[in-house]
Amino acid sequence: MEEQEFNAAVSRLIRQARVRAGVTQEYLGRRAGLSRGSITNIEAGTQMPPLYRLARIASALNVQPAELLPPLLPDETADLSARHAAGVSAVWARAAELRGGHGEG
């Protein structure tokens, strides 16, 4: 998966999680420490949240951060920039810890 495709998938997953939670962009922004405009941009794919903000968005939506990331096989991180690959790996590792090492991230 290419970086642009990955970012688009993150945007879709955030929007889907927000809609499932039944909250507005305004509400999500307030809970995550962002403006409604930032949430709009994130959902549109024109702005990507840093990992800290992604975790805050997940918390505001009562989901795990890994649920806002598209599934990647470990070898697929080779196409991502080093910064993004490291972030994805960290989230996958944390998801595995939370599950007690069972299943995929």
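Everything here concerns the structure above.
Being a predicted model, the structure only gives us computed values, none of them experimental.

Student: So what exactly am I meant to see when it comes to the overall build of the protein here?
Tutor: Scanning the protein for helices and strands turns up 5 helices and 0 strands. When the elements of the protein are put in sequence order from the N terminus, they spell out α-α-α-α-α. Considering the protein as a whole, with its 105 residues, one finds that 36% of them fall into the buried category. If you take every contact in the protein between residues at least 6 apart in sequence, the share linking residues at least 24 apart comes to 57%.

Student: Can you help me understand helix H3 (residues 36-44) in this one?
Tutor: What H3 keeps buried is the set Ser 38, Ile 39, Ile 42 and Glu 43. For H3, the buried positions fall inside an angular range of 130° around the axis, keeping them on one side. Those residues of H3 hidden inside the fold are in contact with helix H1 (3-21), helix H2 (25-32) and helix H4 (51-60). Downstream of H3 by a residue or two, Gly 45 has a phi angle that is positive, lying close to 85°.

Student: Sorry, what's going on with H2 here?
Tutor: Every α-helix winds through 3.6 residues per turn, so residues three or four apart in the chain are directed the same way. Residues Gln 25, Leu 28, Gly 29 and Ala 32 constitute the buried set of H2. Buried residues of H2, seen end-on, are gathered within an arc of 100° and therefore sit on one face of the element. Tucked inside the fold, the buried residues of H2 contact H1, H3 and H4. Positive phi shows up at Gly 33, right after H2, with a value of about 80°.

Student: Would you explain the pattern of salt bridges in this entry?
Tutor: Any two side chains of opposite charge can pair, so long as their charged atoms come close to each other. Throughout the structure, instances matching the rule amount to 2 salt bridges. Here Arg 18 makes a salt bridge to Glu 43, at a shortest N to O gap of 2.5 Å. Of this pair, Arg 18 sits in helix H1 while Glu 43 sits in helix H3, and the two are 25 residues apart along the sequence. Among the residues examined, Arg 18 registers a relative accessible area of 9% and is labelled buried. For Glu 43, a relative accessible area of 11% puts it in the buried group.

Student: Hey, could you run me through the nonpolar core in this one?
Tutor: Nonpolar side chains tend toward joint burial in soluble globular proteins. Within the largest apolar cluster, 23 residues are counted, with the highest numbers of intra-cluster contacts made by Ile 14, Leu 28, Ile 57, Leu 61 and Leu 68. Dropping the residues within four chain positions of it, Leu 61 is found in contact with Ile 14, Ala 17, Arg 18, Ala 21, Val 23 and Leu 28.

Student: Mind showing me how you'd approach the packing of H2 against H4 here?
Tutor: Two quantities define a packed helix pair, namely the angle between the axes and the distance from one axis to the other. H4 packs onto H2 with a crossing angle of 120° between their chain directions and a minimal axis gap of 8 Å. In terms of axis orientation, H2 runs oblique to H4. In this structure, the crossing between H2 and H4 has a hand that is right-handed. Residue-level contacts link Leu 28, Arg 31 and Ala 32 of H2 to Arg 53, Arg 56, Ile 57 and Ala 60 of H4.

Student: Help me understand the side chain of Gln 25, please; the structure alone is not making it clear to me.
Tutor: Of note, Gln 25 is situated in helix H2. If we ignore the near neighbours within four places in the chain, the residues touching Gln 25 are Arg 18, Arg 36, Ile 39, Thr 40 and Glu 43.

Reading guide: rules and limits
- Residues numbered from 1 in each chain as written.
- Predicted model: local features only at pLDDT ≥ 70, side-chain atom pairs only at ≥ 80, totals over all residues.
- Heavy atoms only, no water.
- Helix = DSSP H or I, 4+ residues; strand = E, 2+ residues; numbered from the N terminus.
- Buried < 20%, exposed > 50% of the residue type's maximum accessible area, 1.4 Å probe, protein only.
- Contact = heavy atoms within 4.5 Å.
- Arc of directions from axis to C-beta.
- Salt bridge = Lys/Arg side-chain N within 4 Å of Asp/Glu carboxyl O.
- Core = buried A, V, L, I, M, F, W, Y, C linked by side-chain atoms within 4.5 Å.
- Axes fitted to C-alpha atoms, helices over the stretch in contact; angles between N-to-C directions.
- Parallel < 35°, antiparallel > 145°, perpendicular 65-115°, else oblique.
- Left-handed = near helix turned anticlockwise from the far one by under 90°.

Purely geometric stuff here, so don't read any function into it on its own.
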